[in-house]
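What follows is each chain in one-letter form.
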Amino acid sequence: MTEASELLSQMNDRSREVFRRVVEGYLSSGDPVGSRSLTRTLSEKVSAATIRNVMQDLEYLGLLDSPHVSAGRIPTQLGLRMFVDSLLEVRDLDHHDREKLDATLGRNAGDVSGLLDAVGSALSGVTHGASLVLSPKHEAPLKHIEFVSLARDRALVVIVFADGHVENRVFTPPPGLTPSAMREAANFTNALVEGRTLSELRKTMQAEISRRRREIDGLAADLIDAGIAVWDGQGDSAERLIVRGRANLLEEDSAQEELDRIRSLFDDLERKRDIADFLELADEGEGVRIFIGSENKLFSLSGSSLVVSPYMNADRKIIGAVGVIGPTRLNYGRIVPIVDYTAQLVGRMIADRS
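- The name that an unreviewed UniProt entry assigns to the protein chain is Heat-inducible transcription repressor HrcA, with the source organism given as Antarctobacter heliothermus.
- Entered under Sequence similarities (unreviewed entry) in the UniProt record, the comment concerning the protein chain runs "Belongs to the HrcA family."
- Reading the Function (unreviewed entry) entry of the UniProt record for the protein chain gives the comment "Negative regulator of class I heat shock genes (grpE-dnaK-dnaJ and groELS operons). Prevents heat-shock induction of these operons."

**Concerning the pairing of strand E10 (residues 318–327)**
So, step 1. Counting buried residues along E10, 9 of its 10 residues qualify, which places the element largely inside the surrounding structure.
So, step 2. By the bridge criterion, 5 bridges tie strand E3 (residues 130–134) to E10 in an arrangement that is antiparallel. Opposite Leu134, over in E10, you have Ala321 as the bridge partner.
So, step 3. As paired elements, strand E9 (residues 304–312) and E10 share 9 bridges and run antiparallel to each other. Residue pairing for E10: Leu306 is matched across the bridge by Ile325.
So, step 4. Connecting the antiparallel pair E9 and E10 is a turn made up of 5 residues, with Arg316 showing a positive phi of about 65°.

**Looking at the pattern of salt bridges**
So, step 1. Inspection of the entire model under this criterion finds 5 salt bridges.
So, step 2. As a salt-bridge pair, Arg73 and Glu59 come within 3.1 Å of each other at their nearest N and O atoms. One end of the pair, Arg73, is in the loop between strand E1 (64–65) and strand E2 (74–75); the other, Glu59, is in helix H4 (residues 48–60), and 14 residues separate them in sequence.
So, step 3. Exposure remark for Arg73: the relative accessible area of 12% places this residue in the buried category.
So, step 4. By relative accessible area, Glu59 is classed as partly exposed at 26%.
So, step 5. When the shortest N-O distance is used, the salt bridge between Asp97 and Arg334 registers 3.2 Å. On the criterion of sequence distance, the pair formed by Asp97 in helix H6 (residues 95–102) and Arg334 in helix H14 (residues 332–353) is long-range, its members being 237 residues apart.
So, step 6. The exposure class of Asp97 is buried, given its relative accessible area of 6%.
So, step 7. Taking relative accessible area as the criterion, Arg334 reaches 22% and is therefore assigned partly exposed.

Here is what the cut-offs are and how they apply
- Residues numbered from 1 in each chain as written.
- Predicted model: local features only at pLDDT ≥ 70, side-chain atom pairs only at ≥ 80, totals over all residues.
- Heavy atoms only, no water.
- UniProt positions renumbered as here; feature names shortened; annotations may be inferred.
- Buried < 20%, exposed > 50% of the residue type's maximum accessible area, 1.4 Å probe, protein only.
- Helix = DSSP H or I, 4+ residues; strand = E, 2+ residues; numbered from the N terminus.
- Pairing = 2+ DSSP bridges.
- Salt bridge = Lys/Arg side-chain N within 4 Å of Asp/Glu carboxyl O.

Written out as structure tokens, the structure reads:
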């Protein structure tokens, strides 16, 4: 049992209702919720003093916080986590939102990237947040791989797929790389390439390297390691991330502290740091996942929340992810079904074009 669920089990019905009303009021308005406003909405008639005592208890438990001495309460990160896990009521997808997302199916985009860009724009428009779409890696079987030296600190890997697709990726080779080590790495790689995808090749090569480490030149092994890291998405993940709707996060009036956090978020989005982790967030199972504040290792400094879901190809394999990022007071009940439906929509798009 998590800390949040343990706290929930210790609360009586009145405390739960007060807590739920505070969180719902905060998510709706962004303002602290006071005891007087709660007296008008609670199912039982109690005094404002009684409600204040309950709110103090909830604050003692770490579920609520007081921004100012005389102000009402807002939920803490722990409080939001408990609300999302145990009390959140997820709505059905609104038919207007569904129509806007479905409209992307009619776009005549020439490639998958164009379709995903349209999906990202639609998702941002529907949610009024910043949308994130991680496009799929090319996972066709490989035919041939070649290394080309460009400079002392730059090299090119040319990847030829069995379906005719060709990718050229620049990476930083190990120090002291020699032409013979590069040829040896290419020969070693191509002996294992045929019929395997990049992900499959990576696993096979790691096993082969550990078995044959003494048989190949050390620099060649380092080159293979470096090349694999690039091929498997760690080096090109920033290019795979589509971000739309950043300006939506600045549409509403905000306090200076909130603006500073949003600017920090913008910096993270611009640099696209650790974007390979974005897919890992969704790669632990099907369905929508919610990351609140510091739980979100991509944008933990921004005080933001991320709602993310993986999408799959026709073989039910996770190949990418879609998500929405915004302030922690997101309308989670509305955003969750939108992200879930968008992930399913993208999966169908990818399957139809396969």
